[in-house]
Amino acid sequence: MYNNQQSGTYRRVGNPLPDSAVKSEDGLLGRAGPLKSDKTAMLKSNTPWKVVAFFFMGLSFLLAMRLSYTLGQESGYIKTSVPGVPGVPHVPGAPGSNVAADPPIPLTPATIPNPLDELRQFAIKPAQVDVEQIKSLPAARRIIVSKKLRIMYCPIPKAANSNWKLLIRKYEGFEDYADLSIANDRAASGFTFLEDLSAAEISGMLNDPDVLKFTFARDPYARTLSCYLNKFGNKDKSGEEYRIYMAQLYGWAWVKQHDIENEERPSFQQFVDQISTQDFAEMNEHWAPQTYLCGVGLFPYDFVGKLEDIATHAPKVIKWMANGRESHFPTQEEIKFSSMGANEQMNQFYNEEIKKKVYQTFSEDFSRLQYAA
């Protein structure tokens, strides 16, 4: 018997081999080189059997085709036949078919799911967007714009804004992204702000569905206490930073008339009373109303998150910024920025009188950001 291993080459398999036999490249023992005389003899001796074999092969093929056609008709897949050739199955939509194939479903913006849709359930947008008005808002100096990351983010102090600045600088490619002193330095941060853009650029980004406009806010009660603990409760009274915050609370004239290093720190009650007398524009950003700082209600935010729900929503924003590579939101320990623990000290510092005054001062934050009184 002969086995055709390569074109024009036949090897005898299963018969005794002469001494001249060699091992072929495929590992089988056989005689190298074409054996034309053996081939001719084989064809002559096996011709009748070949005819019979081909006949049964053809018959089997026709029977298989007929069975396939019958099953196709029963399933509804085959609806017609090739014109002029009855009984031969044909696929709808193929050349020669008189039955059209089902049209493909087009991929349009309406049919492609947008990963931002879930976040947009928490959108806060005005009925109409006025770009010139937006440019005149205090928020125009605050909102960080990244065309690379497709975001517009408004940082709110005491609402994890340092964490977000770190992440933005990381994905923007800054090697010193972990240095928060740089991230919180407006001039050194490398950020682009909304006020740096033209009206046309702002309009283009606001109307782009692939640009996420977002911010994260915080319960006004907890944020106010956190600010007090950070800026007045824990600062070194002999330091310049404490002196500056005292001047922003009481004014420079008052500071010059008092020995603040040796006097008692202001109590939380005194802090709340004092900030309740200030205009929003003169407030330090750490205790100014969040809606005022970020223009909530005037700027079209796709997503206004809450610090209290950050474990749920931050990973979705990060995935968008990082193109799906990451979703981890860094903790205060990871960014080396200690927490004031305000949430755990609420009962210690608040009474009904203080709560009422904080609510009155930040009433817009409570209503627009949907925090309970």
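**Q** Would you mind going over the pairing of strand S8 (residues 151-154) with me for this structure?
**A** Both faces of the sheet carry side chains from a regular strand, because those side chains alternate between them. Here S8 shows two buried faces, one formed by Ile151 and Tyr153 and the other by Met152 and Cys154. Sheet topology note: the strand S7 (residues 144-146)/S8 ladder contains three bridges and is antiparallel. What sits directly across from Ser146, in S8, is Ile151. Connecting S7 to the next strand, S8, in antiparallel fashion are four residues, including Arg150 with a positive phi near 60 degrees. Of the pairings in the sheet, the one linking S8 to strand S10 (residues 212-217) comprises four bridges and is parallel in character. Opposite Met152, over in S10, you have Lys213 as the bridge partner.

**Q** Just checking my understanding: could you explain the nonpolar core for this structure?
**A** One broad trend across soluble globular proteins is that nonpolar side chains are buried collectively. Ile143, Met152, Leu194, Phe232 and Phe271 are the most contacted members of the largest nonpolar core, which totals 56 residues. No other element matches helix H7 (residues 220-233), which puts seven residues into this core. Within the second largest apolar cluster, 25 residues are counted, among which are Leu119, Tyr171, Leu212 and Met321.

**Q** When you look at the layout of surface pockets in this model, what are you seeing that I'm missing?
**A** Estimated volume of the largest pocket: approximately 1,200 Å³. In terms of lining residues, the largest pocket is bounded by 47 residues, among which Pro157, Lys158, Ala159, Asn161 and Ser162 are the most central. Of all the secondary structure elements, the ones that give two or more residues to the lining of the largest pocket are helix H3 (139-142), helix H4 (161-172), H7 and helix H11 (290-294). Residues that form the lining of the largest pocket fall into these classes: 18 nonpolar, 15 polar and 14 charged. In this structure, the second largest pocket occupies an estimated 200 Å³ of space.

**Q** How do you make sense of the state of the cysteines when you look at a structure like this?
**A** Each disulfide consists of one covalent bond between the sulfur atoms belonging to two cysteines. One pass over the structure, following the stated rule, counts one disulfide. Note that Cys154 is cross-linked by a disulfide to Cys294, the S-S spacing being 1.9 Å. Because the torsion about its S-S bond is -85 degrees, the bridge between Cys154 and Cys294 counts as left-handed. Taken together, the positions of Cys154 in strand S8 and Cys294 in helix H11 put the pair 140 residues apart, joining distant regions of the chain. On the basis of relative accessible area, Cys294 is assigned to the buried category, the value being 0%.

**Q** For this particular structure, what's the right way to read the packing of H7 against helix H14 (residues 352-361)?
**A** Helix packing for two helices is described by the angle between their axes and how far apart those axes are. The interhelical angle for the contact between H7 and H14, taken along N-to-C directions, is 105 degrees, at an axis separation of 10 Å. The orientation of H7 relative to H14 falls into the category roughly perpendicular. On the side of H7, the interface is formed by Pro220, Tyr221 and Thr224, while H14 contributes Lys355, Val358 and Tyr359. Of the residues that constitute the contact of H7 with H14, the class distribution is four nonpolar, one polar and one charged.

**Q** Would you take a moment to explain the sheet that holds S10 for this structure?
**A** The strands making up a sheet associate through backbone hydrogen bonding, with each pair oriented either parallel or antiparallel. Within the open sheet, the five strands sit side by side as S9-S7-S8-S10-S11. Their pairing is mixed. If you trace the sheet from one side to the other, it starts and ends with strand S9 (192-193) and strand S11 (303-306), each paired once. Bridge count between S7 and S9: two bridges; the pairing is antiparallel. Looking at S9, one finds that Val145 is bridged to Thr192. Helix H12 (residues 310-321) rests against S8, S10 and S11 of the sheet, and its axis sits at about 150 degrees to S10.

**Q** I tried to follow the packing of aromatic side chains on my own but got confused; where do I start?
**A** Taken as a whole and judged by the stated rule, the model has 26 aromatic pairs. When the centroid spacing of 6.0 Å and the interplanar angle of 85 degrees are considered together, the rings of Phe122 and Phe303 count as edge-to-face. With Phe122 in the loop between strand S6 (89-90) and helix H2 (131-135) and Phe303 in strand S11, the pair connects residues that are 181 residues apart, well separated along the chain. Centroid distance Phe268 to Tyr350: 5.2 Å. Interplanar angle 80 degrees. Geometry classified as edge-to-face. Within this pair, whereas Phe268 is found in helix H10 (residues 268-275), its partner Tyr350 is found in the loop between helix H13 (346-349) and H14, the two being separated by 82 residues in sequence. Just as Phe268 is buried, Tyr350 falls in that class too. An aromatic cluster is defined as three or more aromatic residues linked by ring pairs; in this entry it consists of Tyr221, Tyr228, Phe232, Tyr245, Phe268, Phe271, Trp287, Phe349, Tyr350, Tyr359 and Phe366. Sitting above the plane of the Trp320 ring, Arg150 keeps its charged end 4.0 Å from the centroid. Between the NZ or CZ atom of Lys355 and the centre of the ring of Tyr221, over which it lies, the distance is 5.1 Å.

**Q** Looking at this model, I keep getting lost on unusual backbone geometry. Mind explaining?
**A** Leave glycine aside and you will find that most residues have negative phi; peptide bonds, for their part, are mostly trans. Notably, Asn323 is not glycine yet its phi reads approximately 55 degrees, a positive angle. Note that Asn323 resides in the loop between H12 and H13. If you check the backbone angles, Gln370 has positive phi at about 60 degrees while not being a glycine. Residue placement: Gln370 occurs in the segment after helix H15 (363-368). For Gln370, a relative accessible area of 62% translates into the label exposed.

**Q** Honestly, H10 in this entry has me stumped. Any pointers?
**A** The α-helix winds at 3.6 residues per turn, so residues separated by three or four positions along the chain end up facing the same way. Along H10, the residues that are buried comprise Phe268, Phe271, Val272 and Ile275. Taken around the axis of H10, the buried residues stretch over an arc of 95 degrees, which confines them to a single face. In this structure, the buried side of H10 is in contact with H7, helix H8 (240-250), H13 and H14.

About the thresholds
- Residues numbered from 1 in each chain as written.
- Predicted model: local features only at pLDDT ≥ 70, side-chain atom pairs only at ≥ 80, totals over all residues.
- Heavy atoms only, no water.
- Buried < 20%, exposed > 50% of the residue type's maximum accessible area, 1.4 Å probe, protein only.
- Helix = DSSP H or I, 4+ residues; strand = E, 2+ residues; numbered from the N terminus.
- Pairing = 2+ DSSP bridges.
- Core = buried A, V, L, I, M, F, W, Y, C linked by side-chain atoms within 4.5 Å.
- 1 Å grid on protein atoms, 1.4 Å probe; cavity = no way out; pocket = protein on both sides within 12 Å on 5 of 7 lines; lining within 4 Å.
- Points joined across faces, edges and corners; volume = space filled by probe spheres on them.
- Nonpolar A, V, L, I, M, F, W, Y, C, P; charged D, E, K, R; others polar.
- Disulfide = S-S within 2.5 Å.
- Axes fitted to C-alpha atoms, helices over the stretch in contact; angles between N-to-C directions.
- Parallel < 35°, antiparallel > 145°, perpendicular 65-115°, else oblique.
- Contact = heavy atoms within 4.5 Å.
- Phe/Tyr/Trp six-rings, centres within 6.5 Å; stacked < 30°, edge-to-face > 60°.
- Lys NZ or Arg CZ within 6 Å of the ring centre and 35° of its normal.
- Arc of directions from axis to C-beta.

Remember, this is a structural readout, not a statement about activity or role.
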